[in-house]
Amino acid sequence: MFKSALGLAAIVAAAVGSSAWAADLPVKAPKPAPPPPPFFIVNQNSVSYSYVFNGTNPGAGTTPKHVLNYSHFDVWQYGTNFFTVDWLKATNSAAPPNGTPAAPCDRGPAFNPPGADPNRCAGYTEIYGLFRSTFGWNQIFGTKTFAAGPLTNIEFAVGADLNTDNTTLGSAKRSIQGGVQFDFAAPYHGFLNVGVFAYHEWQNDGFSALFGPNFSGNVEFNTTWAIEALYVQPLGFLPEYLPVTFKRLAVIHGPKGAGEIGVPQRITEYLTQQTLSLDVGKMVTGKSDMVSVWVAYRWWKNKFGLDPATTGFNGTLESTAVTGVTFAF
């Protein structure tokens, strides 16, 4: 009888949710929620110093350059972001066509009379920045459809460039671009990215603003096409104690018109740079991608789209060695 009553009480308590009975039951603590994933899957920053042995400023001359750089690269859920800014300082302040001085010494013989102090103007200074962002189709659509064979992804890609300098030209470049990028895998965790873009550019022409005929100085080029490719190939076949990476950058801009009255048409522009980078940090401490030293060769034809045959400018072809050191954090 006692057992039956106890059993009946338990059933009733369970049915009606008796707080007295529930209080006697052990309560298991809930598991803490997992921390949210980091917004940036990869977040890399670096600063570097490089020396350009024989840089050019079309229409002025050639000069060595000191270059300080800051770069940022990140990977997030749907793509990547890259931002970089250069501070470039020319060291040859001789008057054109023998050097690349700042304004007003870059305005020709009238501003550089015989006997003028050759050091009254320093070499020109430029700041140049750009960003590139991609949005992966595999990530956006939650699929692996756009990964087949060596192809790892197809991405929407956008970007912009801008600069300022203290020359008379005062180029004040502003450009935007948008298109599609194809990503490929390479041996030893290398990669090849190739982007095809629509490209539009604005500039300032300080010479024409001073001397005519474009007294506004405003320059707007026609929309054209552009191709950018970046190939990064660790040389994994070398001994482990020699961590060397080969990199190649290629940029092509199509013809973009004159942009203003009274000047020649701009033509197809080609820029390539080949770099060999030695990971000193890995050699010394075993930590990769911390400190690297590198050498490069840069070849830049029809620089800024300028045709030497129609403009008569020197310096439209830049062919130079570059060397530098990069610190990542």
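Just above, that's the structure.
Figured I'd write up the structure that's included with this text. Here the residue numbering is sequential within each chain, running from 1 through the sequence in written order. Residue-level local features of this predicted model are given only where pLDDT is at least 70; pairs of side-chain atoms are given and counted only at 80 or more, and the full residue set underlies all totals for whole chains, interfaces and linings. Excluding hydrogens and water, the side-chain values take into account all heavy atoms of the structure.

1. Some remarks on the overall build of the chain
So, point 1. Secondary structure follows DSSP: runs of H or I at least 4 residues long count as helices, runs of E at least 2 residues long count as strands, and numbering of each begins at the N terminus. Of the regular secondary structure elements, the chain holds 6 helices and 13 strands.
So, point 2. The protein chains shown are the only cover counted for residues, whose accessible areas, like all others here, come from Shrake-Rupley with a 1.4 Å probe. By element, 68% of the accessible surface of the chain is carried by carbon and sulfur atoms, the whole surface being about 18500 Å².
So, point 3. Asp and Glu are treated as the negative residues and Lys and Arg as the positive ones, with His and the ends of the chain left uncounted. Charge positions are represented by NZ for Lys, CZ for Arg, CG for Asp and CD for Glu. With 20 positive and 21 negative side-chain charges, the chain shows a spacing of 7 Å between the two charge centroids.

2. Topic: unusual backbone geometry
So, point 1. The residue after P96, namely P97, is reached through a cis peptide bond having omega 5 degrees.
So, point 2. Take P97: it is sitting in the loop between β3 (79-90) and β4 (125-136).
So, point 3. For the bond from A103 to P104, the omega torsion is 5 degrees, close enough to zero to count as cis.
So, point 4. For P104, the location among the structural elements is in the loop between β3 and β4.
So, point 5. For N302, which is not a glycine, the phi torsion comes out positive at approximately 55 degrees.
So, point 6. With respect to the element layout, N302 can be found in the loop between β12 (291-301) and α6 (308-311).
So, point 7. A residue is classified by how much of its surface remains accessible, and N302, at 9% relative accessible area, is buried.
So, point 8. If you check the backbone angles, F304 has positive phi at about 65 degrees while not being a glycine.
So, point 9. Looking at where F304 falls in the secondary structure, it is placed in the loop between β12 and α6. Partly exposed describes any residue whose relative accessible area lies between the buried limit of under 20% and the exposed limit of over 50%, with all areas from a 1.4 Å probe on protein chains only and scaled to the type maximum.

3. Some remarks on the pattern of salt bridges
Between side chains of opposite charge, a pair can form as their charged atoms come close.
So, point 1. Criterion for a salt bridge: a side-chain nitrogen of Lys or Arg within 4 Å of a carboxyl oxygen of Asp or Glu. If you walk through the whole model with that rule in mind, you get 5 salt bridges.
So, point 2. A salt bridge links E228 to R132, with the nearest nitrogen and oxygen atoms 2.9 Å apart. Of the two residues, E228 sits in strand β9 (residues 224-234) while R132 sits in strand β4, which places them 96 residues apart along the sequence.
So, point 3. Note on R132: relative accessible area 15%, which makes it buried.
So, point 4. Beyond isolated ion pairs, a larger network of salt bridges with shared partners links R132, D161 and E228.

4. Details of the side chain of E318
So, point 1. Turning to its location among the elements, E318 is positioned in strand β13 (residues 318-328).
So, point 2. Polar contacts, as used here, are pairs of N or O atoms within 3.5 Å; protein pairs need one atom able to donate a hydrogen and one able to accept it. Residues neighboring in sequence count only if both atoms are side-chain atoms. In this structure the side chain of E318 is engaged in a polar contact, spanning 3.4 Å, whose partner is the side chain of R298.
So, point 3. The contact rule is simple, with two residues in contact once any of their heavy atoms fall within 4.5 Å. Residues in contact with E318, not counting those within four places in the same chain, are N54, G55, T56, R298, W299, W300 and K303.

5. A few points about a nonpolar patch on the surface
So, point 1. In this scheme, patches are assembled from residues that exceed 30% relative accessible area and form no salt bridge. Like charges are connected within 9 Å, while nonpolar side chains (Val, Leu, Ile, Met, Phe, Trp, Tyr) are connected within 5 Å. Taken together, the side chains of Y78, F83, F131, F135, I140, F141, F156 and V158 define a hydrophobic patch exposed on the protein surface, amounting to about 680 Å² of accessible area.
So, point 2. Tracing the backbone shows F141 in helix α3 (residues 137-141).
So, point 3. On the accessibility criterion, F141 (52% relative accessible area) is exposed.

6. Details of the pairing of β12
The two faces of a sheet get side chains in turn, since along a regular strand they alternate between them.
So, point 1. Burial of β12 is one-sided: the residues S292, W294, A296, R298 and W300 facing one way are buried, the residues V291, V293, V295, Y297, W299 and K301 facing the other way are not.
So, point 2. Pairing of strand β11 (residues 269-279) with β12 involves 10 bridges; the strand directions are antiparallel. Considered in β12, the bridge of Y270 is made with K301.
So, point 3. Bridge count between β12 and β13: 10 bridges; the pairing is antiparallel. Bridging from a neighbouring strand, W300 pairs with E318 of β13. When DSSP locates at least two bridges between a pair of strands, those strands are taken to pair.

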